[in-house]
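Descriptive analysis of the structure
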Amino acid sequence: MKIAMVGAGYVGLVSGACFADFGHDVVCIDTDPSKIERLNAGEMPIYEPGLDELVQRNVRANRLSFTTGLAEGISGAGAIFIAVGTPSRRGDGHADLSFVHAAAAEIGKNLDHPAVIVTKSTVPVGTGDEVERILRESGTDVHFAVASNPEFLREGAAIGDFKRPDRIVIGTDDEWARGVMREVYRPLFLNRSPIVFSSRRSAEIIKYAANAFLATKITFINEIADLCEKVGGDVQDVARGIGLDNRIGPKFLHPGPGFGGSCFPKDTLALLKTAEDNDAPLRIVESVAKVNESRKRAMGRKVIDVLGEAPRGKRVALLGLTFKPNTDDMRDAPSIAIAQALIDAGVEVTAYDPEGMELARPLMPEVAMLPNAYEAIEGADAIVIVTEWDAFRALDLGRVRELVRAPVLVDLRNIYEPEELRGAGFTYISVGRP
Ligand code: UGA
């Protein structure tokens, strides 16, 4: 089947490349000519493990192409995905749907054959109705249906998540559209990946409810970690002890400096706006958003506390800046608030991140970015592990001790064993552990 992907951002590009790998004929369309130029030259606009190779392989097989021309791109496509950005609207936290609406209008203007228009962008409940209205008003007279097909992939593990999903959600009541979507996901059907068919509105809610629930799980364990610190428990044991209960599950119970990224912070806010507008308050999600926001800066204070009475003029090395490993994404990364809190206290900050420094630099201009972990650590009064990149899991502790001014390690991801670090002569502070 020919598939058109409108929007070659994170979700669009990964989904497009994976659909091509399933054997479909995929065209990715983007209004940004420089992005399309780079893609056509074989350059990836984002860092995602395995994406390079996947794109190249499918371009070579003539199953994947990139264009700025929407009319040409959607021509003959049985499914046209809208995978454009839905950032937070400035000022009120609502999802900004202007890109989705513009894409729908443009598709409507050019659609000359029956097709299913599928929203993959994360959009508030009711957006599918709006997309349908825009398409109708654009004057197209061909048969079409609008379906919702939210995406659950994680940055850094996107290709695996797409090809081996926990489930696929397809929201439409139109039988013909369901058939088209079955064809789109045929290889995953054959793999017996669970497929949830629902109404369009339910599918739109599923996406936000899933992200809000995961954000809640993280925030819950973060607060339990704080309690453990106060009363002398070990949050790792607590997480394991509760996670082995099948009703709770072990995933997303890793305490840390708070969730960041392009999804959880923005999606929880957008969901709260929908809840408020519909007079159905979501008090739990409200608390999650608040608790998480204040946690990021609190982690900065946790670091300042270990610097003693006079933090001013001391030096702290941040290892890891991105909101999680295996991405260069800096959106809402806890490192931003942590670095700012340190700088506000007069602390000198150095940093190293394997992929994120280019995007981090403008967000923290006062932080000195260094070419590797050991250079960042040199002369530090404290080292802080902010993001759990594999490269930081096996630091040469002897070398680290020689380089630092004081052997103090604040591990905000609990990637080291306290005994090991203390045995190596470090003052070791982690999250929710004695
Ligand atoms: C998240 C969801 O996991 C995906 O299912 C969803 O498709 C995506 O948002 C989206 O809506 O597009 P992502 O933001 O890429 O994916 O990253 P996650 O792996 O979920 O991590 C989010 C944040 O939570 C990170 O800052 C991470 O460090 C933090 N986290 C995660 C924890 O602090 N503890 C955990 O146990 C898990």
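This write-up is about the structure you can find in this document. Source: prediction; values computed, not measured. Note that residues are indexed from 1 along each chain, following the sequence as it is written. Thresholds applied to this predicted model are a pLDDT of at least 70 for local features of residues and 80 or more for the giving and counting of side-chain atom pairs; totals over whole chains, interfaces and linings are not thresholded and use all residues. Excluded from the side-chain calculations are hydrogens and water; all other atoms, namely the structure's heavy atoms, are used.

Within the protein chain one finds 18 helices and 14 strands. Taking 2.2 N^0.38 as the reference for a compact globule, 434 residues should give roughly 22 Å; the C-alpha atoms of the protein chain span a radius of gyration of 23 Å, in line with that estimate. Principal-axis analysis of the C-alpha atoms places the extent of the protein chain at approximately 75 × 50 × 40 Å. Residues are treated as being in contact if the distance between any of their heavy atoms lies within 4.5 Å. Pairs at least 24 residues apart make up 73% of the contacts formed inside the protein chain by residues separated by at least 6 positions. Working note: accessible area of the protein chain is about 19200 Å², and carbon and sulfur atoms make up 51% of it. Strands here mean DSSP runs of E at least two residues long; helices mean DSSP runs of H or I at least four residues long; both are numbered from the N terminus. Computation of the radius of gyration draws on C-alpha atoms, with the globule rule given as 2.2 Å multiplied by the number of residues to the power 0.38. The accessible surface values rely on the Shrake-Rupley method and a 1.4 Å probe; as for residues, cover is taken only from the protein chains in view.

What follows concerns the packing of aromatic side chains. For any pair of aromatic rings, geometry is given as the distance between the ring centres together with the angle between the planes. Any two rings among Phe, Tyr and Trp, with Trp reduced to its six-membered ring, count as a pair given centres within 6.5 Å; such a pair is stacked if its planes are under 30 degrees apart, edge-to-face if over 60, and tilted if neither. By the definition in use, this model includes nine aromatic pairs. Judged by centre distance (6.1 Å) and plane angle (75°), the ring pair of Tyr352 and Phe392 falls under edge-to-face. Separated by 40 residues along the polypeptide, Tyr352 in strand E10 (residues 348-352) and Phe392 in the loop between strand E12 (382-385) and helix H17 (397-403) bring together distant segments of the chain. Ring pairing ties together the aromatic residues Phe19, Phe22, Phe81, Phe162 and Tyr185, which thus form one cluster. In this analysis the charged atom, NZ for Lys or CZ for Arg, is taken to sit over a ring once it is within 6 Å of the ring centre and within 35 degrees of the ring normal. Residue placement shows Arg399 over the ring face of Tyr374; its charged tip is 3.8 Å from the ring centre.

Let us look at the side chain of Thr119. By the secondary structure assignment, Thr119 is in strand E5 (residues 115-119). Partly exposed describes any residue whose relative accessible area lies between the buried limit of under 20% and the exposed limit of over 50%, with all areas from a 1.4 Å probe on protein chains only and scaled to the type maximum. Looking at Thr119, the relative accessible area reads 2%, which means it is buried. Here Thr119 is in contact with Ile82, Val131, Ala147, Ser148, Asn149 and Pro150, once residues within four sequence places are set aside.

Attention now goes to the side chain of Arg178. Along the chain, Arg178 turns up in helix H8 (residues 175-184). The exposure class assigned to Arg178 is buried, which follows from its relative accessible area of 16%. A polar contact is formed between the side chain of Arg178 and the backbone oxygen of Thr172, at a distance of 2.8 Å. Setting aside anything within four residues of it in sequence, one finds Arg178 in contact with Thr172, Asp173, Phe197 and Ser198. Under the rule applied, a polar contact is a pair of N or O atoms within 3.5 Å (in protein, one hydrogen donor and one hydrogen acceptor; residues adjacent in sequence only if both atoms are side-chain atoms).

A few words now on the packing of helix H10 (residues 200-231) against helix H11 (residues 235-243). With axes taken as lines fitted to C-alpha atoms, and helix axes fitted only over the stretch in contact, angles between N-to-C directions fall between 0 and 180 degrees. Contact geometry for H10 and H11: axes closest at 9 Å, N-to-C directions at 135°. Classified by the interaxial angle, the pair formed by H10 and H11 is oblique. For the pair H10 and H11, the sense of crossing is right-handed. Where H10 abuts H11, its residues Phe220, Ile221, Ile224, Ala225 and Cys228 lie against Val235, Val238, Ala239 and Ile242. Roughly parallel means an angle under 35 degrees; roughly antiparallel means over 145; roughly perpendicular covers 65 to 115; every other angle is labelled oblique. Crossing handedness is defined as follows: a turn of the near helix away from the far one that is anticlockwise and smaller than a right angle gives a left-handed crossing, while the clockwise case is right-handed.

Time to look at the site of the ligand. Each residue is tested against the molecule or strand, and it is near if at least one of its non-hydrogen atoms lies within 4 Å. In the neighbourhood of the ligand, 19 residues make up the surrounding shell, with Phe152, Leu153, Lys207, Asn211 and Cys263 lying closest. About the coverage of the ligand: the protein hides 91% of its 700 Å² of free accessible area. Mapped by element, the contributors of at least two residues to the shell around the ligand are H10 and helix H12 (264-277). Of the residues forming the shell around the ligand, the biggest block, three residues, is contributed by H10. By the convention adopted, Pro, Cys, Tyr, Trp, Phe, Met, Ile, Leu, Val and Ala count as nonpolar, Lys, Arg, Asp and Glu as charged, and the other residues, Gly among them, as polar. Here the residues of the shell around the ligand sort into nine nonpolar, three polar and seven charged. For the shell around the ligand, the two domains that each supply at least three residues are domain 1 (2-198) and domain 2 (200-434). Throughout, the edges of the domains are those of an automatic or database domain assignment.

A few words now on the pattern of salt bridges. In what follows, salt bridge is the name for a side-chain nitrogen of Lys or Arg lying within 4 Å of a carboxyl oxygen of Asp or Glu. Under the defined criterion, the tally for this structure stands at 30 salt bridges. A salt bridge links Glu151 to Lys120, with the shortest nitrogen-to-oxygen separation between them at 2.7 Å. Of the two residues, Glu151 is situated in the loop between strand E6 (144-148) and helix H7 (158-163) and Lys120 in the loop between E5 and helix H6 (127-137); the sequence distance between them amounts to 31 residues. An identical accessibility class is assigned to Glu151 and Lys120; each is buried. We note a salt bridge from Arg331 to Asp329, for which the minimum N-O separation is 2.9 Å. Given the relative accessible area of 47%, Arg331 is considered partly exposed.

The next point concerns the sheet that holds strand E14 (residues 427-429). Spatially, six strands are ordered E11-E10-E9-E12-E13-E14 in an open sheet, and the strand pairing comes out parallel. Both edges of this open sheet fall to strand E11 (368-369) and E14, since each of them pairs with a single strand only. Bridging between strand E9 (residues 315-319) and E12 involves four bridges; their strand directions are parallel. Within E12, the position partnered with Val316 by the bridge is Ala382. Set on the sheet, helix H13 (residues 283-306) makes contact with E9, E12, strand E13 (408-411) and E14; between it and E13 the angle comes to about 165°. Should DSSP find at least two bridges between two strands, the strands are regarded as paired.

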